[in-house]
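# Structural description and commentary
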Amino acid sequence: MSTELHSIGVVGCGLMGSGIVEVCVRSGLSVVVREVSQPALHAGLGRLRTSLDKGLERGKLTADAHAAALDRVRGTTELADLADCDWVIEAAVEDLAVKQATFRELDGLVGPETVLSSNTSSISITKIAAATSRADRVIGTHFFNPVPVMPLLELVRGLQTSDATYQAACALGERLGKTLVLCQKDAPGFIVNRLFIPYGLDAIRALDDGVATIEDFDTAMKLGMSHPMGPFTLMDFVGLDTMLFIADAMYDETKDPRYAAPPRLRQMVAAGWLGRKSGRGFYAYGR
Ligand code: NAD
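With that out of the way, let us pick up the domain arrangement of the protein chain. We note that the domain assignment places domain 1 (7-183) and domain 2 (193-277) within the protein chain. Placing the centre of domain 1 and that of domain 2 at their C-alpha centroids yields a distance of 28 Å. Taken together, the contact between domain 1 and domain 2 spans six residues of the former and six residues of the latter. Between domain 1 and domain 2, the buried area comes to about 440 Å², and carbon and sulfur atoms account for 56% of it. Sorting the residues of domain 1 by area buried against domain 2 places Glu94, Ser121 and Ser122 first, and these three jointly supply 58% of that buried surface. Taken together, the connections running from domain 1 to domain 2 amount to one salt bridge. Among the salt bridges present, the one from Lys127 reaches Glu253, with a minimum N-O distance of 3.5 Å. Inspection of the region where domain 1 meets domain 2 yields one residue pair in polar contact (both at pLDDT 80 or more). Per-class residue counts for the side of domain 1 that touches domain 2 are no nonpolar, four polar and two charged.

Turning to helix α1 (residues 15-26), a few remarks are in order. The terminal C-alpha atoms of α1, which comprises twelve residues, lie 17 Å apart, in line with the 16 Å expected from a rise of 1.5 Å per residue. Within the span of α1, buried status applies to Met16, Gly17, Ser18, Gly19, Ile20, Val21, Glu22, Val23, Cys24 and Val25. Phi for Gly28, located one or two positions after α1, is positive at around 90 degrees.

A separate point is the packing of aromatic side chains. Considering all chains together, one arrives at three aromatic pairs under this definition. Arranged with centres 6.5 Å apart and planes meeting at 50 degrees, the rings of Phe196 and Tyr199 form a pair that is tilted. Here Tyr199 and Phe196 lie together in helix α7 (residues 192-208), a separation of three residues that amounts to about one turn. Its relative accessible area of 12% is what places Phe196 among the buried residues. Ring centres 4.7 Å apart and planes at 70 degrees place the aromatic pair Phe232 and Phe282 in the edge-to-face group. Of this pair, Phe232 sits in helix α9 (residues 231-238) while Phe282 sits in the segment after α11 (263-270), and the two are 50 residues apart along the sequence. Of the two residues examined, Phe232 and Phe282, each falls in the buried class. Here the aromatic cluster, defined as three or more aromatic residues joined through ring pairs, consists of Phe217, Phe232 and Phe282. One residue, Arg280, lies across the ring of Trp273, its end atom 3.8 Å from the ring centre.

A separate point is the pattern of salt bridges. Summed over all chains, the structure comprises twelve salt bridges. Measuring nitrogen to oxygen at the nearest pair gives 3.4 Å for the salt bridge that ties Arg137 to Asp136. The class for Asp136 is partly exposed, based on a relative accessible area of 30%. The salt bridge involving Arg266 is made with Asp248; its shortest N-O contact spans 2.9 Å. Pair noted here: Arg266 is in helix α11 and Asp248 is in helix α10 (residues 240-254), with a separation of 18 residues, a long-range link. You can call Arg266 partly exposed: its relative accessible area is 39%. Residue Asp248 is classed as partly exposed on the basis of its relative accessible area of 24%. Here the salt bridges do not stand alone but share partners, grouping Glu90, Glu94 and Lys99 into one network.

Running from N to C, α7 and helix α8 (residues 214-225) point in directions that differ by 135 degrees, and their axes come no closer than 10 Å. Compared by their axis directions, α7 and α8 come out oblique. Judged by the sense of rotation from one axis to the other, the crossing of α7 with α8 is right-handed. Facing Tyr199, Ala203, Ala206 and Leu207 of α7, the residues of α8 in contact are Ile214, Phe217 and Met221.

So, about the site of the ligand. Neighbouring residues of the ligand: 20 residues in total, closest Leu15, Met16, Glu35, Glu94 and Lys99. Between an oxygen atom of the ligand and a main-chain N or O atom of Gly14, the distance comes to 3.4 Å. Here an oxygen atom of the ligand and a side-chain polar atom of Glu94 are 2.5 Å apart. For the ligand, the accessible surface in isolation is 830 Å², of which the surrounding protein chains cover 71%. Taken together, the elements giving at least two residues each to the shell around the ligand come down to α1, α4 (96-109) and β6 (138-143). Grouping the amino acids of the shell around the ligand by side-chain chemistry returns nine nonpolar, seven polar and four charged.

Thresholds applied
- Residues numbered from 1 in each chain as written.
- Predicted model: local features only at pLDDT ≥ 70, side-chain atom pairs only at ≥ 80, totals over all residues.
- Heavy atoms only, no water.
- Domains from an automatic or database assignment.
- Contact = heavy atoms within 4.5 Å.
- Buried area = accessible area lost by both parts, 1.4 Å probe.
- Salt bridge = Lys/Arg side-chain N within 4 Å of Asp/Glu carboxyl O.
- Polar contact = N/O pair within 3.5 Å; in protein donor to acceptor, adjacent residues only side chain to side chain.
- Nonpolar A, V, L, I, M, F, W, Y, C, P; charged D, E, K, R; others polar.
- Helix = DSSP H or I, 4+ residues; strand = E, 2+ residues; numbered from the N terminus.
- Expected span 1.5 Å × (residues − 1).
- Buried < 20%, exposed > 50% of the residue type's maximum accessible area, 1.4 Å probe, protein only.
- Phe/Tyr/Trp six-rings, centres within 6.5 Å; stacked < 30°, edge-to-face > 60°.
- Lys NZ or Arg CZ within 6 Å of the ring centre and 35° of its normal.
- Axes fitted to C-alpha atoms, helices over the stretch in contact; angles between N-to-C directions.
- Parallel < 35°, antiparallel > 145°, perpendicular 65-115°, else oblique.
- Left-handed = near helix turned anticlockwise from the far one by under 90°.
- Near = heavy atom within 4 Å.
- Areas by Shrake-Rupley, 256 points an atom, 1.4 Å probe, with all protein chains shown as cover.

See the structure below:
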């Protein structure tokens, strides 16, 4: 398999997709990014431009590099425009049916050597790959938010992912300047969420048990364990809806009580207390 990449397709230009486009164009790759509608494309490309503008203002990008990065992006609403891409990264909504439909369509469009990768946080790579005729060339490329800032890229091998695909994903990840970790099995939660989700849920259970205040749990883990953020601050940052969604997916797959969401989390999500993004989670944020 050739590791010479020129053109990357990105499906979805939402929060993660726009960040993935940014790291690709900043590392010299051309990108064709597909959104579901013109307004969504406009918003996604606007988010990309704002982030590149910030890079320019902060001296992380020269004016030439800023202009070149924007020149390398082409937006479209047609999946067919990704047909000539050497690699396609899918960052669409977290829904198995949507991801399988996208992969099925891409499988019929792109060249036989093209690798299809998913940014899914919680869906089995093997299940996504099953929608294609190239399960050996499907892999998980799990980026973290915000993509241009977070150094980690978690690679996830599906049951049928080939060594060559894994090697090619390593080459891509290194080109994007990421530090790589390999989840060697298609295990629920992969590496990060496998540890983070029960940790967060345990913090909520301990809060429910009246062990300490939210502030003291956070201070304890910051100052006692050198974590940059305590669990409640971190869950507010990630989004409580995202926490719940991933916990439910992991619980559905395993029936392991460690992943069973406490009622408090479900109630907070029902109430619209989603964390930083909604102005209220475990903490209140001035809006
Ligand atoms: P988002 O809501 O910002 O973007 C979702 C994207 O999906 C948009 O581009 C939207 O237009 C597209 N979309 C919506 N409905 C669609 C449909 N029916 N068909 C095709 N595309 C559709 O979400 P996001 O946070 O960017 O998440 C995208 C992926 O990245 C998800 O799989 C998510 O689990 C994963 N992820 C998210 C984070 C995070 O912190 N937000 C971190 C790692 C991975």
